[in-house]
Amino acid sequence: MTNFVFNPVETVGLQVAGTEAKFPVRRIYCVGRNYAAHAREMGFDPDREPPFFFCKPNDPDSVVPVGQEPVTIPYPSLTTNYHYEVELVVAIGKAGKDIAIENAAQHIFGYAVGLDMTRRDLQMKMREQGRPWEIGKAFDYSAPIGTLTTLKDAGELNDGKIELLVNGEVRQSSTIKHLIWSVSETIANLSTLFELKAGDLIMTGTPEGVGAVQKGDRLEASIEGLNPITVNIV
Ligand code: MN
């Protein structure tokens, strides 16, 4: 055992449906503007440019595992434009680099519903200044993620309804089929930049309809075939 000067943080685990075991989270990669209608609402032409990526921290303060029960997350500091983004989360179960599109599915452990919570005002400000997005994207409690369903149980997800409700009202509704870069294409591209390892998560991007939430709001996120999540903002 290493003699650390203080106890290191524990690895975050996501529940795996149908087992007692947890999936240990390594890195969290996020895809930007991966649905055409969302790219348009953010002021961009959704031409099929190469995908681009950013990361979220994988520490226990950033990732919020969500089971069947609703969880609460605090409204973050220094924002007045705090947004939800419902996303399909892909969990990697097998390492690889320069993965071919046709082999990408072999690297998938499973899928979950996730929220890429965003301080939109800070993200935009950084974007305008050509600075990194971290303060808009990579803050504490910014990644609520549901129970994982294994690839074996879910099958390969290339379609299926993705939806987000705020206080019972539908705000985002699309299908996985509308991803500009499919899950396999995303894995292939990302693996040319980083060697993917078991434990990595990929948040694949959000469809149109993003918007602000306030303290007291209830977010319900779902993807057909996966475990839905409910998150309350306090
Ligand atoms: Mn996102």
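Cut-offs and rules
Residues numbered from 1 in each chain as written. Predicted model: local features only at pLDDT ≥ 70, side-chain atom pairs only at ≥ 80, totals over all residues. Heavy atoms only, no water. Salt bridge = Lys/Arg side-chain N within 4 Å of Asp/Glu carboxyl O. Helix = DSSP H or I, 4+ residues; strand = E, 2+ residues; numbered from the N terminus. Buried < 20%, exposed > 50% of the residue type's maximum accessible area, 1.4 Å probe, protein only. Pairing = 2+ DSSP bridges. Donors = N, O, S within 2.8 Å, 3.2 Å for Na, K, Ca; no water. Phe/Tyr/Trp six-rings, centres within 6.5 Å; stacked < 30°, edge-to-face > 60°. Lys NZ or Arg CZ within 6 Å of the ring centre and 35° of its normal. Polar contact = N/O pair within 3.5 Å; in protein donor to acceptor, adjacent residues only side chain to side chain. Contact = heavy atoms within 4.5 Å. Disulfide = S-S within 2.5 Å. Arc of directions from axis to C-beta.

Colleague: For the pattern of salt bridges, give the residues involved together with the corresponding values.
Modeller: Applying the stated criterion to the full structure yields 8 salt bridges. As a salt-bridge pair, Arg120 and Glu85 come within 2.8 Å of each other at their nearest N and O atoms. You can see Arg120 sitting in helix H2 (residues 120-128) and its partner Glu85 sitting in the loop between strand E7 (82-84) and strand E8 (86-92), a full 35 residues away along the chain. The structure contains a network of salt bridges with shared partners spanning Lys56, Glu85, Asp116, Arg120 and Lys137.

Colleague: I'd love a proper account of unusual backbone geometry, names of residues and values included.
Modeller: Unlike most non-glycine residues, Arg33 shows phi in positive territory, near 45°. Topologically, Arg33 is positioned in the loop between strand E3 (28-32) and helix H1 (36-41). Take Arg33: its relative accessible area is 24%, and that puts it in the partly exposed class.

Colleague: Tell me about the sheet that holds strand E10 (residues 118-119), and please be specific about residues and values.
Modeller: Taken in spatial order, the 3 strands of this open sheet run E10-E7-E16, and their pairing is antiparallel. Every interior strand has two partners, whereas the edge strands, E10 and strand E16 (211-212), have only one.

Colleague: Break down the coordination of the manganese ion for me, citing the residues and quoting the values.
Modeller: By definition of the ideal shapes, a tetrahedral metal site with four donors has angles of 109.5 degrees and an octahedral site with six donors has angles of 90 or 180 degrees. In the first shell of the manganese ion, the protein supplies Glu85 (OE), Glu87 (OE) and Asp116 (OD), at 2.0 to 2.1 Å from the metal. Counting the intervening residues between successive donors of the manganese ion yields the motif E-x1-E-x28-D. Of this pair, Glu85 sits in the loop between E7 and E8 while Asp116 is found in the loop between strand E9 (108-115) and E10, placing the two residues 31 residues apart along the sequence. Each member of the pair, Glu85 together with Asp116, is buried.

Colleague: Any details on the pairing of strand E11 (residues 143-146)? Residues and values, ideally.
Modeller: Residues Ala143 and Ile145 line one face of E11 and the alternating positions Pro144 and Gly146 line the opposite face, and both faces are buried. Note: strand E5 (residues 63-66) against E11, 4 bridges, orientation parallel. By the bridge assignment for E11, Val64 is matched with Pro144.

Colleague: Help me get a handle on the packing of aromatic side chains, residues and values and all.
Modeller: Considering all chains together, one arrives at 6 aromatic pairs under this definition. Where Phe54 meets Trp133, the ring centres are 5.3 Å apart and the plane angle is 55°; that geometry is what we call tilted. Of this pair, Phe54 sits in strand E4 (residues 52-56) while Trp133 is found in the loop between H2 and helix H3 (134-137), placing the two residues 79 residues apart along the sequence. Here the basic side chain of Arg33 rests over the ring of Phe44, its NZ or CZ set 3.5 Å away from the ring centre. Over the ring of Phe139 we find Lys56; its NZ or CZ atom is 5.9 Å from the centre of that ring.

Colleague: Account for the side chain of His107, with residues named and values stated.
Modeller: The topology assignment puts His107 in the loop between E8 and E9. Of the polar contacts made by the side chain of His107, one reaches the backbone oxygen of Lys94; its length is 2.9 Å. Setting aside chain neighbours within four positions, we find His107 in contact with Ala91, Ile92, Gly93, Lys94, Ala95, Gly96 and Ile99.

Colleague: Please set out the state of the cysteines residue by residue, giving values where relevant.
Modeller: Evaluated as defined, the whole model comprises 0 disulfides. No disulfide involves Cys30; its sulfur sits 6.9 Å from that of Cys55, the nearest cysteine. Given the relative accessible area of 37%, Cys55 is considered partly exposed.

Colleague: Any details on H2? Residues and values, ideally.
Modeller: Those residues of H2 not exposed but buried are Arg120, Leu122, Gln123 and Met126. With its buried residues spanning 165° around the axis, H2 presents them on a single face. Residues of H2 that are buried make contact with E7, E10 and H3.

Colleague: Outline the environment of Pro57, supporting the account with residue identities and numerical values.
Modeller: Mapped onto the elements, Pro57 comes out in the loop between E4 and E5. For Pro57, a relative accessible area of 23% translates into the label partly exposed. Separated by 30 residues in the primary sequence, Pro57 and Arg27 have C-alpha atoms spaced 7.2 Å apart. If we skip the residues at most four places from it in the chain, Pro57 touches Ile28, Ser62, Val63 and Ala138.

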